[in-house]
Each structure stands twice: as structure tokens, then as C-alpha cells.
Amino acid sequence: MYRPLLVALVTLLAGCGTRSPETDLLIPINVRCSTCTDYIRCDKASDNRAVHDTAFSLYELQAKGPGNEITSITEYFLQFVEPKTRFTRPLAVYAQTVAESGQTGWHTSLNHTVIIDRAGHRIELPDGWIDQRNGEWHDKDNGIQGVCRILDRQEGRQIASLFMENEQ
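Note that the structure is predicted; figures quoted are calculated from it, not measured. (Residues numbered from 1 in each chain as written. Predicted model: local features only at pLDDT ≥ 70, side-chain atom pairs only at ≥ 80, totals over all residues. Heavy atoms only, no water.)

S.K.: What is the right way to read the sheet that holds strand β1 (residues 38-44) from this model?
M.R.: Hydrogen bonds along the backbone pair up the strands of a sheet, which may run parallel or antiparallel. Overall, antiparallel pairing links the eight strands, which are arranged β1-β2-β3-β4-β5-β6-β7-β8 in a closed barrel. For this sheet the average axis-to-axis angle between neighbouring strands, irrespective of direction, equals 30 degrees. As defined by bridge partners, strand β4 (residues 104-117) adjoins strand β5 (residues 122-125) across three bridges and the pair is classed as antiparallel. Its bridge partner being in β5, D117 is matched across the sheet by R122. (Pairing = 2+ DSSP bridges. Helix = DSSP H or I, 4+ residues; strand = E, 2+ residues; numbered from the N terminus. Axes fitted to C-alpha atoms, helices over the stretch in contact; angles between N-to-C directions.)

Here is the structure:
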């Protein structure tokens, strides 16, 4: 009696091949988490090495919000039929700019969408894209404008709150 069940189980598991190894990413994002908020800080590369450039952008990849749990569960099960490689999340952008005079500006832009491309290991932003493998920050014309790193949630929240305080 147990033999047919064992044969069926072995046959079923034999069809499950090993997964290909995950690519080591400098900026990993959990695309399946609908309640996660991720923060990525991108620092502008200065043309003048003598000047310390403090221009940067903070990208807040926001949680999908309430009501998206069913969508996330459906996407999870559909991946077994047709693997999904592009995921979207709401996005807020906080940018610190530095004028020629040295004056610092703070700008917040909400209500954007970010696309996370797992196949290409890219994070597509409204003003360019980030290579998740090496952290390079590209503009829309594929020119490198700086380098990015992922922040822990506490540090990301602290920087975002500074923008909110400066805008009031």
C-alpha cells in the first residue's frame, strides 16, 4: 500500500529540478512582500573632485498597501504557470540638490511608480534606472549619474522625515 504512494511521491519530486542560483545583488529587493518599504539612497557623482557634492536622491519603494494581499497571493500561484519578472511598487522621491552658489534645496515628489525587473536586475525609476548588481545609478540616456546603496528601514525613515521637516 505504501509502495504506490512512495513511487508517486518520488515521481512527483523528480520533476522538480533544482532552482538556478540567485544572482548576488548589491541592492536586493523582495518583490513578493506587499507590506515592505525599501529605501535606496543614490549619491550624485561630482564632476569636480575638489568639491564635496552633497546632492543625492532617496527613493522610497513603498508598501503596496491594504487590499493587495489577494493580488500578491494570486501572483505567487500564477508564477508556477508563467513566471513574472516585472513588479511594480508605489514610489516617493526625496532629492537634495546643490546650486552653484552652494545653496541646498530639498524636493519631495510623491505618487510615482517604480518597476523592478528581476530578469534584467534593474530598478526603473521616473528619472532613470539603478543596476541592482553594482549599484550604478543611470539617467534616462543610460549615462551614469552616481552610485546607490540600500538603506535599512530605520535610516531610510530618518532621512525621509528630514525632508518632511524641511518642507514645512
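Here the narrative resumes, following the displayed structure.
S.K.: How should the pattern of salt bridges be read in this particular structure?
M.R.: Side chains carrying opposite charge are able to pair once their charged atoms draw close together. Tallied over the full model, the rule gives six salt bridges. Note that D38 and R89 form a salt bridge whose closest N and O atoms lie 2.9 Å from each other. Taken together, the positions of D38 in strand β1 and R89 in strand β3 (residues 86-98) put the pair 51 residues apart, joining distant regions of the chain. The exposure class assigned to D38 is buried, which follows from its relative accessible area of 10%. It is possible to trace a salt-bridge network through shared partners that takes in D38, R89 and R153. (Salt bridge = Lys/Arg side-chain N within 4 Å of Asp/Glu carboxyl O. Buried < 20%, exposed > 50% of the residue type's maximum accessible area, 1.4 Å probe, protein only.)

S.K.: Looking at this model, I keep getting lost on the nonpolar core. Mind explaining?
M.R.: Generally speaking, soluble globular proteins have nonpolar side chains that are buried together. Core analysis: the largest hydrophobic core is formed by 17 residues, its most contacted members being I40, Y59, L61, I123, L125 and I130. Looking at this core, the elements that each hand over two or more residues are β1, β2 (56-61), β3, β4 and β5. The greatest single-element share of this core, amounting to three residues, is contributed by β3. Residues within four places of I123 in sequence aside, it is in contact with I27, I29, I40, V114, I115, G128, W129, I130 and Q132. (Core = buried A, V, L, I, M, F, W, Y, C linked by side-chain atoms within 4.5 Å. Contact = heavy atoms within 4.5 Å.)

S.K.: Even after reading the chapter, I still don't get the state of the cysteines, so can you show me in this structure?
M.R.: Put plainly, a disulfide is one covalent bond tying together the sulfur atoms of two cysteines. By the definition in use, this model includes two disulfides. Across a sulfur-sulfur distance of 1.9 Å, C33 and C36 are joined as a disulfide pair. With the S-S bond torsion at 90 degrees, the cross-link from C33 to C36 turns out right-handed. By the burial criterion, C33 is buried, and C36 matches it. Covalently, C42 is tied to C148 through a disulfide, its sulfur atoms 2.0 Å apart. Looking down the S-S bond of the C42 and C148 bridge, the torsion is 105 degrees, so its handedness is right-handed. On the criterion of sequence distance, the pair formed by C42 in strand β1 and C148 in strand β8 (residues 144-151) is long-range, its members being 106 residues apart. A relative accessible area of 4% places C148 in the buried class. Once the disulfide-bonded cysteines of the protein are ranked by sequence position, their pairing pattern turns out to be 1-2, 3-4. (Disulfide = S-S within 2.5 Å.)

Purely geometric stuff here, so don't read any function into it on its own.
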